[in-house]
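Each chain is listed here by its residues.
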Amino acid sequence: MRRKAAVIGSGFGGLALAIRLQSAGIDTTVIEARDKPGGRAYFWEKDGHVFDAGPTVITDPACLRELWELTGADMAKDVDLVPVSPFYRLSWPDGTTFDYVNDDEQLARQIAELEPADVEGYLKFLRYSEGVYVEGYEKLGAVPFLDFKSMLKAAPSLARYQAWRSVYSVVSRFVKNEKLRQALSFHSLLVGGNPMTTSAIYALIHKLERDGGVWFARGGTNRLVAGMVAHFERLGGSMRLDDPVADIETKGDNANTVRTRSGWSQDFDAVASNADIVRTYEMLRHPAGGRGAARLKRKRFSPSLFVMHFSTDGRWPDVPHHSILFGPEYAGLLKQIYGGSTLPNDPSIYLHHPTATDRSMAPEGRSTFYALAPVPHLGRAAIDWDKEGPAYTRRLLEILEQRTLPGLSDRLGEVFHFGPADFEQELNSHLGSAFSLEPVLTQSAYFRVHNRDDRIRNLYFVGAGTHPGAGIPGVVGSAKATAGLMIADLAA
Ligand SMILES: Cc1cc2nc3c(=O)[nH]c(=O)nc-3n(C[C@H](O)[C@H](O)[C@H](O)COP(=O)(O)OP(=O)(O)OC[C@H]3O[C@@H](n4cnc5c(N)ncnc54)[C@H](O)[C@@H]3O)c2cc1C
């Protein structure tokens, strides 16, 4: 008899897991709370503008291609990935800019302009990043850390690369210039980690980008999600949208039934959750549920984000696809985001400008953008977002107009935002965290939520709360680890 599995949530991790299970001949049903799949990669269409809600920087396309190759299919038939260059344009309030490109010569020239001695330091950093990439991503990125033994096995390489040090501190060993230190350490923010405290292992992202490139899915990240769903459904999998799961019912120490808010229910041989880890334990009708949720609530969660979407009249040929606008403070700002209780007035901003790569993201002669600023999560900062949302929108628009989009206010079209309260309510995310558990060493690998629950042996986890963590390559790697366990368990 064919085995049946449920995947709760259709984020990248959930969809990647569902494809792997269905490819292995397990009848898989994805149950999603929202009306569209994709999780953080949701999207809106307004007056011909396409607004992707979340991920925009696609790295390591090979981990995605693999999902099609499992059954001999070709991702290119469903998704058109286009390269983006520069990867990012970095800028500072004093007018300095740095085009972070995949070209040694251009990089060396720009580094030399900032600090000649750092050219050599950068090459040493690149070698370090290559080393952690091989150990931390290639070898361990899709391994389920179920017991402490697995952690001990990884310990020598963690020690060799000084994983207890922070990304910023390791980068500072290699380069002296403060702007370069920021340029080479900000990446951990993309997965919810504070460069000042997150393990230096996250320096691997630099190598990941340099090797695999930075890509954009034509039509937006939502097209990548749509491609994954189309592939999954062609394999015979089923999607159930707009129906939040309310209960994971158990019989003894087995998860056996999934029940949704609409009253629908079905029995499964295995249940995997891609939903928030705290919320999943709250849905679990078993004494381990309450205990699991209480234990996780004591952990550190990554910050939230304020994402301001907007459209403009006309085009901005000088503004690249991805820009990072560093604020006047780096360490001070990070302290505010990760430990403070107020909203930073001088944020660093990531500016997404998809019409720079793909004109189909807006009607002819118009542009689509989003500006993203990390902000404290709801457990730290008791901010009334109904009131602060419009004020923060004005602040971000003011900075953008001064720094990179002159005359913006005269050309502004639609403006709306998605903030911490939306992460909590719309995405069912504990404290409105944008990236789940903070990726610090004491919450990584074995110390993160395990891909299979220790007590309920047919309950599995996938996504940002599990090893290796947030970001598309991370959650797709977690899906590989979880699928390996589920396929083996269901065959036993
Ligand atoms: C604004 C933003 C920008 C980002 N940019 C990038 C980027 O450029 N590149 C990159 O690689 N990463 C980026 N990230 C990180 C990346 O998007 C996430 O880490 C990743 O997409 C999370 O995937 P996930 O599998 O954990 O699932 P999620 O996306 O968290 O999806 C979980 C799903 O579970 C559903 N769910 C929750 N509760 C229930 C329930 N009770 N019943 C049914 N369904 C439920 C939710 O509705 C949601 O659809 C970004 C994140 C954000 C927020």
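Conventions and cut-offs
- Residues numbered from 1 in each chain as written.
- Predicted model: local features only at pLDDT ≥ 70, side-chain atom pairs only at ≥ 80, totals over all residues.
- Heavy atoms only, no water.
- 1 Å grid on protein atoms, 1.4 Å probe; cavity = no way out; pocket = protein on both sides within 12 Å on 5 of 7 lines; lining within 4 Å.
- Points joined across faces, edges and corners; volume = space filled by probe spheres on them.
- Helix = DSSP H or I, 4+ residues; strand = E, 2+ residues; numbered from the N terminus.
- Nonpolar A, V, L, I, M, F, W, Y, C, P; charged D, E, K, R; others polar.
- Axes fitted to C-alpha atoms, helices over the stretch in contact; angles between N-to-C directions.
- Left-handed = near helix turned anticlockwise from the far one by under 90°.
- Contact = heavy atoms within 4.5 Å.
- Near = heavy atom within 4 Å.
- Polar contact = N/O pair within 3.5 Å; in protein donor to acceptor, adjacent residues only side chain to side chain.
- Phe/Tyr/Trp six-rings, centres within 6.5 Å; stacked < 30°, edge-to-face > 60°.
- Buried < 20%, exposed > 50% of the residue type's maximum accessible area, 1.4 Å probe, protein only.
- Lys NZ or Arg CZ within 6 Å of the ring centre and 35° of its normal.
- Pairing = 2+ DSSP bridges.

Student: Any chance you could break down the layout of surface pockets for me, citing the residues and the numbers?
Tutor: Once rolled over the atoms, a probe with the size of a water molecule shows which space is left empty. Considered as a void within the structure, the second largest pocket measures approximately 320 Å³ in volume. Forming the walls of the second largest pocket are 17 residues, and the residues nearest its centre are Tyr-281, Arg-295, His-450, Asp-453 and Asp-454. Top element by residues in the lining of the second largest pocket is helix α11 (residues 287-297). It accounts for five residues. When grouped by side-chain class, the residues that make up the lining of the second largest pocket number seven nonpolar, two polar and eight charged.

Student: Can you explain the packing of helix α1 (residues 12-23) against helix α16 (residues 472-491)? Please cite residues and give values.
Tutor: Where α1 contacts α16, the two axes come as close as 8 Å, and the packing angle between them is 35°. Pair α1 / α16 crosses with right-handed handedness. Along the contact surface, α1 presents Phe-12, Gly-13, Ala-16, Leu-17, Arg-20 and Leu-21, while α16 presents Ile-472, Val-475, Val-476, Ala-479, Lys-480, Thr-482, Ala-483, Met-486 and Ile-487.

Student: Explain empty space enclosed by the protein to me, and be specific about the residues and the numbers.
Tutor: For the coordinates displayed, the defined rule picks out two cavities of 30 Å³ or more. Here the largest cavity is characterised by a volume of approximately 70 Å³. Lining the largest cavity are Leu-90, Phe-98, Tyr-100, Leu-107, Ile-111, Tyr-122, Leu-180, Ala-183, Leu-184, His-187 and His-206. Secondary structure elements with two or more residues in the lining of the largest cavity: β7 (97-100), α3 (104-114) and α7 (178-185). Per element, the largest residue contribution to the lining of the largest cavity is three residues, and it comes from α7. When its volume is computed, the second largest cavity comes out at roughly 30 Å³. Val-167, Leu-184, Ser-185, His-187, Ser-188, Tyr-202, Ala-203, Ile-205 and His-206 together form the lining of the second largest cavity. If you list the elements that add at least two residues to the lining of the second largest cavity, you get α7 and α8 (204-212). Residues that form the lining of the second largest cavity fall into these classes: five nonpolar, four polar and no charged.

Student: Quick one: what's the story with the site of the ligand, residue by residue and with numbers?
Tutor: For the ligand, the set of nearby residues contains 38 residues, the closest of which are Gly-13, Glu-32, Arg-40, Val-57 and Asn-274. Within the backbone of Ala-33, an N or O atom sits 3.1 Å from a nitrogen atom of the ligand. By residue number, the principal contributor to the shell around the ligand is α16, which donates three residues. Here the residues of the shell around the ligand are counted per class, giving 23 nonpolar, 12 polar and three charged.

Student: Please provide a residue-by-residue account of the packing of aromatic side chains, values included.
Tutor: Enumeration over the complete set of coordinates arrives at 26 aromatic pairs. Measuring from ring centre to ring centre gives 5.5 Å for Phe-306 and Trp-385, while their planes differ by 20°; the resulting arrangement is stacked. Here the residue Phe-306 occupies a position in strand β15 (residues 304-313), and Trp-385 occupies one in helix α13 (residues 385-403), the gap between them amounting to 79 residues. Among the residues examined, Phe-306 registers a relative accessible area of 0% and is labelled buried. Aromatic rings pair up to connect Phe-87, Tyr-88, Trp-92, Tyr-100, Tyr-168, Phe-186, Phe-326 and Tyr-330 into one cluster. It is Arg-411 that lies over the ring of Trp-316; its NZ or CZ is 3.8 Å from the centre.

Student: Tell me what's going on with the environment of His-206, and back it up with residues and numbers.
Tutor: Within the fold, His-206 resides in helix α8. Of the residues examined, His-206 reaches a relative accessible area of 2% and is grouped as buried. Considered as a pair, His-206 and Ser-129 are 77 residues apart in the sequence and their alpha carbons are 6.6 Å apart. In contact with His-206, other than residues within four places in its own chain, are Tyr-100, Tyr-122, Phe-125, Leu-126, Ser-129, Leu-184 and His-187. A polar contact is formed between the side chain of His-206 and the side chain of Tyr-122, at a distance of 2.8 Å.

Student: Explain the sheet that holds strand β13 (residues 270-273) residue by residue, including any values.
Tutor: Overall, parallel pairing links the five strands, which are arranged β9-β2-β1-β13-β20 in an open sheet. Each having just a single partner strand, β9 (238-240) and β20 (459-461) make up the two edges of the open sheet. Between one strand axis and the next, the sheet turns through 20° on average, direction left out of account. The pairing of β13 with β20 spans three bridges and is parallel.

Student: Go over the sheet that holds β15 with me, naming the residues and quoting the values.
Tutor: Spatial strand order, β7-β6-β16-β17-β18-β15-β19: seven strands in an open sheet with mixed pairing. The two strands at the open ends of the sheet, each matched to only one other strand, are β7 and β19 (412-418). Averaged over all adjacent pairs, the angle separating strand axes in this sheet is 20°, with direction ignored. Pairing of strand β17 (residues 349-352) with strand β18 (residues 366-375), which is carried by three bridges, proceeds in the antiparallel orientation. Bridge pairing in β18 places Tyr-350 opposite Leu-372.

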